[in-house]
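Secondary and tertiary structure notes
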Amino acid sequence: LYRRYALWFRLRKLIIWLLGVYIAIPFLVKLCPAIQAKLVFLNFVRVPYFIDLKRPQDQGLNHTCNYYLQPEEDVTIGVWHTVPAALWKNARGKDQLWFEDALGSSHPVILYLHGNAGTRGGDHRVELYKVLSSLGYHVVTFDYRGWGDSVGSPSERGMTYDALHVFDWIKARSGDNPVYIWGHSLGTGVATNLVRRLCERETPPDALILESPFTNIREEARSHPFSIYRYFPGFDWFFLDPITTSGIKFANDENVKYISCSLLILHAEDDPVVPFHLGKKLYNIAATSRSFRDYKVQFVPFHTDLGYRHKYIYRSPELPRILR
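- The name given to the protein in an unreviewed UniProt entry is Lysophosphatidylserine lipase ABHD12, with the source organism recorded as Ceuthmochares aereus.
- According to UniProt, the comment filed for the protein under the heading Subcellular location (unreviewed entry) is "Endoplasmic reticulum membrane".
- Its UniProt record, at the heading Sequence similarities (unreviewed entry), says of the protein: "Belongs to the serine esterase family."

Quick look at the UniProt feature "domain: AB hydrolase-1" (unreviewed entry) in the protein
- On the UniProt side, "domain: AB hydrolase-1" (unreviewed entry) is annotated at positions that read residues 108–213 here.
- Across residues 108–213 one finds 43% helix and 20% strand; the C-alpha atoms that close the span lie 23 Å apart.

A closer look at the packing of aromatic side chains
- For the coordinates displayed, the defined rule picks out 13 aromatic pairs.
- Ring geometry for Phe142 against Tyr144: centres 5.3 Å apart, planes inclined by 80 degrees, an arrangement best described as edge-to-face.
- Phe142 gets classed as buried once you look at its relative accessible area, which sits at 1%.
- Members of the aromatic cluster, joined through ring pairs, are Phe41, Phe142, Tyr144 and Trp147.
- The residue whose ring lies beneath Arg196 is Tyr258, and the NZ or CZ to ring-centre distance is 3.9 Å.

Thoughts on unusual backbone geometry
- Omega for the peptide link from Val47 to Pro48 comes to -5 degrees, which places this bond in the cis form.
- By the secondary structure assignment, Pro48 is in the loop between helix 2 (33–41) and strand 1 (64–72).
- Not every positive phi belongs to a glycine, and Ser212 is a case in point at roughly 55 degrees.
- Following the sequence through the fold, Ser212 ends up in the loop between strand 6 (207–211) and helix 8 (217–223).

Thresholds, definitions, all that
- Residues numbered from 1 in each chain as written.
- Predicted model: local features only at pLDDT ≥ 70, side-chain atom pairs only at ≥ 80, totals over all residues.
- Heavy atoms only, no water.
- UniProt positions renumbered as here; feature names shortened; annotations may be inferred.
- Helix = DSSP H or I, 4+ residues; strand = E, 2+ residues; numbered from the N terminus.
- Phe/Tyr/Trp six-rings, centres within 6.5 Å; stacked < 30°, edge-to-face > 60°.
- Buried < 20%, exposed > 50% of the residue type's maximum accessible area, 1.4 Å probe, protein only.
- Lys NZ or Arg CZ within 6 Å of the ring centre and 35° of its normal.

Below you can see the structure in the form of structure tokens.
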């Protein structure tokens, strides 16, 4: 009887402690909005671990060069440039200057903007680079400031400026070759921020591709399946308002109203991170926007049975046809 009582006492103590932590976290987030910003960016989660980002060949990217660019003073970002598979033999042993000159070859270029957490060397990202390279695209990707081996503090403004700097760097070397922008997950927010700015200055990309996009960061946070506080009283005040206070909006739904280029949205029905209905909602907003009246807007869903979830659309055998 004594042992049972002691066990129950310890269990009750643990439950009370866990309940206290559960209740304390919303107040901690409210008092320190920077915590919520870190949870949005997850830039401190560097997976896969123990890889040398200076050596993309270690990830099977033998026709890839690692660069470092400087968008602003005290900010340095790491960039990978993968040439089309047709140039693989020519790329062996070449230096950065050769890769930069190769952007002027008669191949289209995709600027890939990855989502939160991890680095440009993430497994699913590397697999997508390989697929796009095999289809004849240059793929240029980078880690935003504060991610991977890039130097600086993360912010929505900073991420967007990094993307703008890389886009201008590509355009200065790619001549008349088409340049497409591909954003995934949180990267869709960077992508629409970027393309809106490009359209406003009348230098739009040739197309925008959004993979697993959301409408805006508040709706994404509210709909996120992993949000254990979504039914917590005052959820918006405790969790969503600090995001806004930190200057994080990623307002895809507003940005698409100012974008004037072809738009392709890809979304898996079984996406557990960004709910499918948010991608569909974004498409409906874009499809009725006056800014797209002269451009093609297409939404491609991937059935649940395919199992592509949040980051495996690159596996689709239909992807080459869709992109063409």
